[in-house]
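Overview (structure and organization)
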Amino acid sequence: MLYRNFGKPIFFKLDPEKAHHLVIGGLDKSSSVPGGSAALRLMYGVPETADLAVDLFGIHFPTPVGLAAGLDKNAEAVSGFSSIGFGFMEVGTVTPKGQPGNDSPRLFRLPSDEALINRMGFNNEGADAMAERLKKIKNRRVPIAVNIGRNKITSNEAAHEDYRQCIRTLYPYGDFFVVNISSPNTPGLRSLQHGSELAFLLAQVKEEMEIQRKATGLNKSLLVKIAPDVSDSELEYMVQSLTEAGMDGIIATNTTLNRDGLSHEKANETGGLSGKPLRDRSTEIIRRIYRQTEGKMPIIGSGGIFTSQDAYDKIRAGASLVEIYTALIYEGPEVNRRLHAGLRQLLRRDGFSHISEAVGADHH
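This section reports on the structure supplied with the text. (Residues numbered from 1 in each chain as written. Predicted model: local features only at pLDDT ≥ 70, side-chain atom pairs only at ≥ 80, totals over all residues. Heavy atoms only, no water.)

The subject of this paragraph is unusual backbone geometry. With an omega of -5°, the peptide bond running from Ser 104 to Pro 105 counts as cis. Going from Ala 252 to Thr 253, the amide bond is cis rather than trans, its omega being 10°. Turning to its location among the elements, Thr 253 is positioned in the loop between β12 (249-252) and β13 (272-275). (Helix = DSSP H or I, 4+ residues; strand = E, 2+ residues; numbered from the N terminus.)

Here it is in structure tokens:
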């Protein structure tokens, strides 16, 4: 209740982006002082339990709930986020060259809808800066996924070079990689999800991953993050292309452009919407992917998870892991303990001894 009663009222009086930077800076500083990370774990950490630990992509995940990309764009607070109950985290989206992103204001809270709208535009310091930070983290508590994108000034025709450059720079430092072709805030980016552009891009990034695997002797998985704003036929094509290209998994989903059912005055701000309004659509996308791939393509579910039931619905629909973002803003770091405890209760209620037994259970 500490965050809800004290932290949230203060943060929600601040400009959303200023509050964001305060959180990142605070987590970075608190984990860098002696005993800081231990204090965070004592307050907010989630002990690993045998029923919820997941082994996937050749990686051990101490809990199935991770932090979605977009919050720690530059890998500034990895130690801090790793100490507040997450089982893994995505850093980024990172681009080869640093870029300022879109003009402010570009982040909006919609409290009545328990949602956020952002049009940040891949603001980040670039791949080299991220590599330097990740290089310095010696003892990682949780796996780190590097979410990669193209620079705003790069054309879609040359986009593959940006993704390849990110992989080249960051391959030794990420535990797995996520190709972001679904942000609505970089002009034209989402068209990379369709047709020959998608097939070409996937072939290119897969080739670069193989080059780096041979050069380093390290085998890293490659996932693709997809948008929720697709037709059934577009989704079917995307999933088929990802399967044929040998991708290791899918993150479903990114933010949405849909504004149905919103009540807040800022609902018409441009950008990607995250939070509760996205929950059901992202779960439906997960269900369709699982059905199409017959459960053979690992899925990380993301979008609108606020409660353990929300997370469990995505797991039963076919997700092996889940991610949160907006819930952390609204509920604070206590949310991870609630999600973990609730998931354990739901597993026991349904007679499952391990979370893997619940993955895709709605289809069986």
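What follows continues from the structure just given.
Turning our attention to the environment of Glu 244. Turning to its location among the elements, Glu 244 is positioned in helix α8 (residues 232-244). What makes Glu 244 exposed here is its relative accessible area of 61%. (Buried < 20%, exposed > 50% of the residue type's maximum accessible area, 1.4 Å probe, protein only.)

With that out of the way, let us pick up the side chain of Asp 162. By the element assignment, Asp 162 lies in helix α6 (residues 159-170). As a buried residue without a salt bridge, Asp 162 has its nearest oppositely charged side chain in Arg 150, at a separation of 6.5 Å. Those residues in contact with Asp 162 that sit more than four places away from it in its chain are Pro 96, Gly 149, Arg 150, Asn 151 and Thr 154. (Lys, Arg positive; Asp, Glu negative; His and termini not counted. Salt bridge = Lys/Arg side-chain N within 4 Å of Asp/Glu carboxyl O. Contact = heavy atoms within 4.5 Å.)

Turning our eyes to something else, we now look at a nonpolar patch on the surface. Taken together, the side chains of Leu 2, Phe 6 and Met 43 present a nonpolar region at the surface, about 310 Å² in accessible area. Its place among the elements puts Met 43 in helix α3 (residues 36-44). (Patch = residues over 30% accessible without salt bridge, like charges linked within 9 Å, V, L, I, M, F, W, Y side chains within 5 Å. Areas by Shrake-Rupley, 256 points an atom, 1.4 Å probe, with all protein chains shown as cover.)

Below, the discussion takes up the sheet that holds strand β7 (residues 115-118). Strand order in the open sheet made by the three strands is β6-β7-β13, with antiparallel pairing throughout. Each edge of the open sheet is held by one strand with a lone partner, namely β6 (107-110) and β13. Strand after strand, the sheet turns through a mean of 20° between neighbouring axes, direction not considered. Sheet analysis places β7 next to β13, joined by four bridges and oriented antiparallel. Bridging across to β13, Ala 115 finds its partner in Gly 275. (Pairing = 2+ DSSP bridges. Axes fitted to C-alpha atoms, helices over the stretch in contact; angles between N-to-C directions.)

Another point: the sheet that holds strand β11 (residues 221-226). Whenever strands of a sheet pair, they do so through backbone hydrogen bonds, lying parallel or antiparallel. Strand order in this closed barrel of eight strands is β3-β4-β9-β10-β11-β12-β14-β15, and the pairing throughout is parallel. If you compare each strand with its neighbour and ignore which way they point, the axes differ by 25° on average. Sheet topology places strand β9 (residues 144-148) next to strand β10 (residues 176-180); four bridges connect them, and they run parallel. Paired with Val 146 across the strands is Phe 177, a residue of β10.

Our focus in this paragraph is the packing of α6 against helix α7 (residues 195-216). One way to put it is that α6 packs onto α7 with a least axis distance of 9 Å and a crossing angle of 20°. Comparing the axis directions of α6 and α7 gives the class roughly parallel. You can see that α6 and α7 cross each other, and the crossing is right-handed. On α7, the residues touching His 160, Tyr 163, Arg 164, Ile 167 and Arg 168 of α6 are Phe 200, Leu 201, Gln 204, Val 205, Glu 207, Glu 208, Met 209, Ile 211 and Gln 212. For the contact of α6 with α7, a count of residues per class yields seven nonpolar, three polar and four charged. (Parallel < 35°, antiparallel > 145°, perpendicular 65-115°, else oblique. Left-handed = near helix turned anticlockwise from the far one by under 90°. Nonpolar A, V, L, I, M, F, W, Y, C, P; charged D, E, K, R; others polar.)

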